[in-house]
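Each chain, letter by letter, is given below.
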Amino acid sequence: MGNDVQEPIIVKLPYKQYSREAFMDSELIHKNGTISPVEDWMLKSFRGLNKFVLEYPTVYVVYADKKNRHKHKPEYTVYIGETNDIIHRTAQHLNNDSKLDNRGDWKAVAGSDAYKQYVIGHPEFNKSLTLDVENRFMHYMSSTDSVKHLNNRRTNAQGHYYTDQDFEKIFSKIWLELHNDDPELFPAEQIIRDSALFKASPFHKLGDEQVEAEESILTQLSAILADESKDAQNENAQSKQQRPKLIFVEGAAGTGKTVLLSHLFYRIYKEIEEVRERQPEEEKQEDDVQSADKQYPAYILVNQKEQVTVYNQIATKLGLQKEAGKVVMKPTQFINRFSKPMHGIKGRGDPTKPDGKADIVLVDEAHLLLTQGDQGYSGKNQLYDLLRRARVVIAVFDPKQILQSKQKMNAVTYQRLFPKEELENQSQVHAGKIEADRVVKLGPEDHLPEMETEVAHIRVRHQFRMAASDEMIQWIDDFADNGHIGKLPVDPGVHDEDAEAKDGEIHWKREPYEVKVFDSPVELFRAIRKKAELKSDGWDGKGLSRVLATYDWKYVDKKKNSKDPNGFWNVEMYRDADGLWKYGPKPGMAKFSPVEREEADDTFTKNGYYKRWESRTTDDYFCQPWNYQLTDQAESKRVGDEQAWAEQSHTINEVGSTFTIQGFDLNYAGVIIGPSVGYKDGHITFDPAKSANRLAKPERKDLGDTSAENLFRNELSVLLKRGVHGLYLFAVDEELECKLTNHLKQ
């Protein structure tokens with residue numbers, strides 16, 4: 001094995017033509033383009049077509065496309081697989097699988113002449129490597145906009161094996177050749193890897209902690225669902241049967257909780273589906289009648305609007321739901337669906353009157369669940385309401401990511417769910433191992449009927465997001481969570497010693513994590529723009545980068561800013577005569593006031609704002625709009641019908657917040673730390689009076705809580721932990737900026 005790997009052998013042919021002769025007459029896909037059958041006969045023999053495609057393990061991609069009449073672009077149905085005998089496997093799919101009642105996918109393939117097939121071979125392919133390649137294909141194609149239906153019944157990421165060190169390079173070569181042949185079906189790796197679909201996909205290879213955690217949870221689920229299927233034998237059994245199970249998956253930002261949840265959801269769904277397929281027909285029909293209205297094997301609930309879109313696209317593409325909103329939704333939607341209608345309010349369920357019970361509910365970012373009513377939710381505690389509507393709730397939870405006062409938990413409830421002694425001993429708990437159940441009583445502290453639930457905890461600790469040394473991660477944790485700024489450690493990175501020994505050049509397995517402090521927000525903004533222009537193709541790319549800020553500048557949703565020419569709400573600062581950056585607009589600047597017009601024209605809207613936005617940022621003045629205000633002026637590369645904020649190319653000119661970035665990754669994060677965050681007496685300080693975050697400020701007198709400091713600390717922590725490869729900083733507060741600069745110089 002070495003730094004250079006051989007080229008793959010890829011052939012393309014109609015799917016129903018699978019004889020040895022058909023393969024020898026097929027098109028050979030080459031990095032320089034498709035080679036016709038006549039020209040490449042000698043080349044195919046030379047490259048070992050018979051050996052590496054017909055006799056070695058291979059991976060195959062079966063596909064058909066049709067034009068979308070609205071977008072005028074192709075949309076694909078795709079099946080991914082691997083085999084040791086491509087001719088036999090193709091015959092099996094067409095002649096046997098197509099006749100099975102539960103394989104409508106292959107029935108459709110066998111009944112059409114539109115399907116084609118890529119078959120991929122390589123001299124290094126063995127069973128483990130082809131399974132890894134198959135899994136990566138599923139990962140990439142589930143993240144591709146043009147693929148609308150993706151068929152495969154497993155996740156196959158492998159552990160260590162011979163040739164595994166060449167997997168990334170081999171796959172990148174395969175993908176590049178396929179991209180050259182059909183860029184619509186196989187987009188550039190840059191587009192895929194920067195997408196939120198890719199990052200939330202269930203086809204990520206799990207780490208050891210995640211694997212152990214997943215198996216622990218699945219073992220418990222099997223036992224719970226098996227018990228539920230039996231009649232209760234006595235009063236105690238009946239009591240236990242009615243008691244819901246709550247499993248908390250805990251871990252800091254970047255520890256792979258969302259990836260674990262996505263992977264777990266897919267496995268739960270597929271394994272329950274397989275069990276039901278093995279049921280006698282009469283039991284299956286009875287289940288279908290009972291579940292026709294709203295029952296699915298599992299539901300996944302997501303709080304962030306953009307994450308709901310991401311999960312819906314994945315679930316629909318993989319066939320877990322026929323349309324968006326069936327198994328993926330917001331918590332309030334789920335509560336409404338499993339409630340009796342509220343009198344006089346159309347579409348609203350009554351949280352006090354559950355109607356039906358789901359088997360399994362998974363909740364991503366459960367720390368964002370509401371603990372009081374708001375405009376769309378009339379209950380008092382969403383977690384409580386979910387437990388009344390599910391047999392098992394699996395909740396991803398990180399108390400350091402609670403950002404709003406309406407998400408704060410009653411102190412009594414929190415102590416019962418997360419006992420202080422357990423929190424203090426977290427470092428001694430084996431990561432990935434589920435703890436013993438405890439029966440917890442909930443409800444009265446929130447003026448709700450008492451309910452018992454069985455609670456278990458499982459923790460993940462390994463940092464997956466930040467590609468940094470342990471010392472660098474600890475420095476960021478101390479800064480973000482503990483309010484301490486120590487001397488910045490040197491991150492040496494991880495060298496590729498084998499590659500360096502071969503050519504004497506520097507090669508990295510992981511480059512050093514980069515932390516920089518800027519004395520100007522303008523320079524930080526320009527540096528992030530440069531990072532955003534970098535290549536992110538391939539497994540080692542790092543392009544997607546954005547500027548973020550603490551919520552210290554005013555933003556009013558659905559309302560124009562009458563002081564801005566475009567009506568935008570901006571992050572705004574200026575440099576004074578002493579060279580210091582100050583919060584707000586520059587003194588003496590011409591003031592704008594919109595003038596109502598009889599009709600709009602090419603320059604102005606009817607209500608007097610400029611239609612076209614142009615940045616007013618200069619060397620001494622920073623003014624960029626908050627997120628969700630600019631629109632894309634040109635057609636951009638798209639992976640999803642509704643891309644996440646950071647994926648949209650025009651948002652490089654905006655400033656993101658926790659509302660757009662929580663739950664997402666950036667390759668480089670540029671964080672503007674506003675005036676609400678300062679430094680005094682050796683610690684980070686927070687001044688709510690200097691923040692514009694109204695959602696963090698309200699006092700929760702019902703909880704006896706008047707402090708918002710933890711919420712502002714959590715906001716800073718979320719922003720500082722978004723960068724995979726680097727973190728760029730600018731602080732408005734002079735003492736904080738000075739402290740950061742001095743420590744970086746050391």
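Here the structure is a predicted model, which is why all the values come from computation and not from measurement.

A.B. asks: It is not clear to me how the packing of helix α19 (residues 470–482) against helix α23 (residues 709–720) should be interpreted in this structure. Could you clarify?
C.D. replies: When two helices pack together, their arrangement is given by the angle between the helix axes and by the axis-to-axis distance. Relative orientation of the contacting elements α19 and α23 amounts to 155 degrees, with a least axis distance of 8 Å. With respect to α23, the axis of α19 lies roughly antiparallel. Listed contacts from α23 to Ile476, Phe479, Ala480, Asp481 and Asn482 of α19 are Arg713, Ser717 and Leu720. When its residues are assigned to classes, the contact of α19 with α23 shows four nonpolar, two polar and two charged.

A.B. asks: I tried to follow the packing of aromatic side chains on my own but got confused; where do I start?
C.D. replies: In this description, an aromatic ring pair is defined by two values, namely the gap between the centres and the angle between the planes. With the rule as written, the count across this model stands at 35 aromatic pairs. Centroid distance Phe167 to Phe171: 6.3 Å. Interplanar angle 40 degrees. Geometry classified as tilted. Here Phe167 pairs with Phe171, and both are found in helix α7 (residues 167–181), just four residues apart, close to one helical turn. Residue Phe167 is classed as buried on the basis of its relative accessible area, which comes to 8%. Geometrically, the ring pair formed by Phe592 and Tyr609 is tilted, given 6.0 Å between the ring centres and 35 degrees between the ring planes. Taken together, the residues span a long stretch of sequence, with Phe592 in the loop between β22 (581–583) and β23 (621–625) and Tyr609 in the loop between β22 and β23 at a distance of 17 residues. Given a relative accessible area of 6%, Tyr609 falls into the buried group. An aromatic cluster of at least three residues, connected via ring pairs, comprises Tyr63, Tyr76, Tyr118, Phe137, Tyr140, Phe167, Phe171, Trp175, Phe186 and Phe198. Of note, Arg136 hangs over the ring of Phe171, and the distance from its end group to the ring centre comes to 5.6 Å.

A.B. asks: Explain a positive patch on the surface here, please?
C.D. replies: Together, Lys554, Lys559, Lys563, Lys591 and Arg694 give the surface a local cluster of positive charge. Its place among the elements puts Lys559 in the loop between β20 (545–549) and β21 (570–575).

A.B. asks: So what exactly am I meant to see when it comes to the pairing of strand β8 (residues 245–250) here?
C.D. replies: In the case of a regular strand, side chains alternate between the two sheet surfaces. Of all six residues in β8, six are buried; the element is thus mostly enclosed. Covered by surrounding structure in β8 are Lys245, Ile247 and Val249 together with Leu246, Phe248 and Glu250, the residues of both alternating faces. In terms of strand pairing, β8 meets strand β14 (residues 390–397) through six bridges, oriented parallel. Each bridged residue has a counterpart across the sheet, and for Val249 the counterpart in β14 is Val396. The pairing of β8 with strand β16 (residues 451–459) spans six bridges and is parallel. Bridge pairing in β16 places Ile247 opposite Ala456.

A.B. asks: Could you clarify how one ought to interpret the pattern of salt bridges in this entry?
C.D. replies: It is possible for side chains bearing opposite charge to pair when their charged atoms get close. For the structure on display, the rule yields 31 salt bridges. Note that Glu27 is salt-bridged to Lys12, the shortest N-O span being 3.9 Å. Residue Glu27 is found in strand β2 (residues 27–30), and its partner Lys12 is found in strand β1 (residues 9–14); the two are separated by 15 residues along the sequence. Of the residues examined, Glu27 reaches a relative accessible area of 30% and is grouped as partly exposed. Relative accessible area serves as the criterion here: at 16%, Lys12 is assigned to the buried category. We note a salt bridge from Glu734 to Lys582, for which the minimum N-O separation is 3.4 Å. Of this pair, Glu734 sits in helix α24 (residues 734–745) while Lys582 is found in strand β22, placing the two residues 152 residues apart along the sequence.

A.B. asks: Explanation requested: the packing of helix α6 (residues 127–141) against α7 in the structure shown.
C.D. replies: Taken N-terminus to C-terminus, the directions of α6 and α7 make an angle of 50 degrees; their axes are 11 Å apart at the nearest point. Taken together, α6 and α7 sit at an angle that is classed as oblique. Once α6 is placed against α7, the crossing between them reads as right-handed. Contact residues: Leu129, Asp132, Val133, Arg136, Phe137, Tyr140 and Met141 in α6; Phe167, Glu168, Ile170, Phe171, Ile174, Trp175 and Leu178 in α7. Its residues placed into classes, the contact of α6 with α7 shows 11 nonpolar, no polar and three charged.

A.B. asks: What should I look at first to understand the nonpolar core in this one?
C.D. replies: Inside soluble globular proteins, nonpolar side chains tend to come together where they are buried. Formed by 142 residues in total, the largest nonpolar core has its most connected members in Val78, Phe137, Met141, Ile268, Leu362, Ile394 and Leu417. In contact with Phe137, other than residues within four places in its own chain, are Val59, Val61, Ile80, Ile120, Phe171, Ile174, Trp175, Leu178 and Phe186. Met573, Trp581, Ile652 and Val655 belong to the second-largest nonpolar core, a separate cluster that totals 25 residues.

A.B. asks: Looking at this structure, how should I read the sheet that holds strand β10 (residues 328–329)?
C.D. replies: Two strands in a sheet stick together by hydrogen bonds in their backbones, pointing the same way (parallel) or opposite ways (antiparallel). Strand order in the open sheet formed by seven strands is β10-β9-β13-β14-β8-β16-β15, with mixed pairing between adjacent strands. For this open sheet the edge positions go to β10 and β15 (438–442), each flanked by a neighbour on one side alone. Relative to β10, strand β9 (residues 298–302) runs parallel, the two being bridged by two bridges. By the bridge assignment, Leu301 is partnered in β10 with Met329.

A.B. asks: I'm lost on the sheet that holds β21 in this one. Help?
C.D. replies: With respect to topology, three strands assemble into an open sheet ordered β22-β21-β23, the strand pairing being antiparallel. Because the sheet does not close on itself, it has two edges, and the strands there are β22 and β23. When the angles between neighbouring strand axes are averaged without regard to direction, this sheet yields 20 degrees. When β21 meets β22, the two strands line up antiparallel, connected through three bridges. Residue pairing in the sheet places Met573 in a bridge with Tyr583 of β22. On top of the sheet, helix α21 (residues 521–532) reaches β21, β22 and β23; it is set at about 50 degrees to β23, its chief contact.

A.B. asks: Hey, could you run me through α7 in this one?
C.D. replies: Each α-helix turn comprises 3.6 residues. Residues three or four places apart therefore point the same way. The end-to-end C-alpha separation of α7 is 21 Å, in line with the 21 Å expected for 15 residues at 1.5 Å each. Where α7 is concerned, the buried positions are Phe167, Ile170, Phe171, Ser172, Ile174, Trp175, Glu177 and Leu178.

A.B. asks: Hey, could you run me through helix α4 (residues 86–95) in this one?
C.D. replies: Here α4 has its buried residues at Ile86, Thr90, Ala91, His93 and Leu94. One face of α4 carries all of its buried residues, which in axial projection span an arc of 160 degrees. Looking at the buried residues of α4, the elements they touch are α1 (20–24), β4 (58–67), β5 (74–83), α5 (104–110) and β6 (116–121).

A.B. asks: So what exactly am I meant to see when it comes to unusual backbone geometry here?
C.D. replies: Negative phi characterises most residues that are not glycine, and trans characterises most peptide bonds. Despite not being glycine, Glu365 shows a phi value in the positive range, around 50 degrees. You can see Glu365 is positioned in the loop between β13 (358–364) and α16 (382–387). By relative accessible area, which is 7% here, Glu365 ends up buried. Unusually for a residue other than glycine, His447 sits at a positive phi of about 60 degrees. In this structure, His447 sits in the loop between β15 and β16.

What counts, and where the lines are drawn
- Along each chain, residue indices are assigned from 1 in the same order as the chain's sequence is written.
- With the structure being a predicted model, the display of local features is reserved for residues of pLDDT at least 70 and the display and counting of side-chain atom pairs for 80 or more, all residues being used for whole-chain, interface and lining totals.
- Computation of side-chain values covers all heavy atoms of the structure but excludes hydrogens and water.
- What counts as an axis is a line fitted to C-alpha atoms, over the stretch in contact for a helix, and the angles between N-to-C directions run from 0 to 180 degrees.
- Where helices and strands are cited, they refer to DSSP runs of H or I of at least four residues and of E of at least two residues respectively, numbered from the N terminus.
- Small angles under 35 degrees read as roughly parallel and large ones over 145 as roughly antiparallel, with 65 to 115 read as roughly perpendicular and the rest as oblique.
- What makes two residues a contact is simply this: any of their non-hydrogen atoms within 4.5 Å.
- Following the grouping adopted for this structure description, the nonpolar residues are Ala, Val, Leu, Ile, Met, Phe, Trp, Tyr, Cys and Pro, the charged ones are Asp, Glu, Lys and Arg, and the polar ones are all others, Gly among them.
- What counts as a ring pair is set by centres within 6.5 Å for rings of Phe, Tyr and Trp (its six-membered ring), and what kind of pair is set by the plane angle: stacked under 30 degrees, edge-to-face over 60, tilted for all other angles.
- Only protein chains enter the calculation, and the probe is 1.4 Å; a residue is then buried if its accessible area is under 20% of its type maximum, exposed if over 50%, and partly exposed in between.
- Charge-over-ring placement is defined geometrically: NZ (Lys) or CZ (Arg) within 6 Å of the ring centre, and within 35 degrees of the ring normal.
- Residues form patches when they are more than 30% accessible in relative terms and have no salt bridge. Like charges link within 9 Å. Nonpolar side chains (Val, Leu, Ile, Met, Phe, Trp, Tyr) link within 5 Å.
- Computed with a 1.4 Å probe, the accessible areas rest on the Shrake-Rupley method; for each residue, only the protein chains presented here act as cover.
- Within this document, salt bridges are pairs made up of a side-chain nitrogen of Lys or Arg and a carboxyl oxygen of Asp or Glu, the two lying within 4 Å of each other.
- For the purpose of counting charges, residues Lys and Arg are taken to be positive, whereas Asp and Glu are taken to be negative. His and the chain ends are not included.
- Here the site of a charge means atom NZ of a Lys, CZ of an Arg, CG of an Asp or CD of a Glu.
- Two strands qualify as a pair provided DSSP detects at least 2 bridges between them.
- For any pair of crossing helices, the crossing counts as left-handed if the nearer helix is rotated counterclockwise from the farther one by less than a right angle, and right-handed if it is rotated clockwise.
- Working definition of a nonpolar core: buried Ala, Val, Leu, Ile, Met, Phe, Trp, Tyr and Cys residues. They are joined through side-chain atoms within 4.5 Å.
- Helices are assigned an expected span. That span is 1.5 Å times one less than the residue count.
- Summarising the geometry, the arc corresponds to the directions from the helix axis toward the C-beta atoms.

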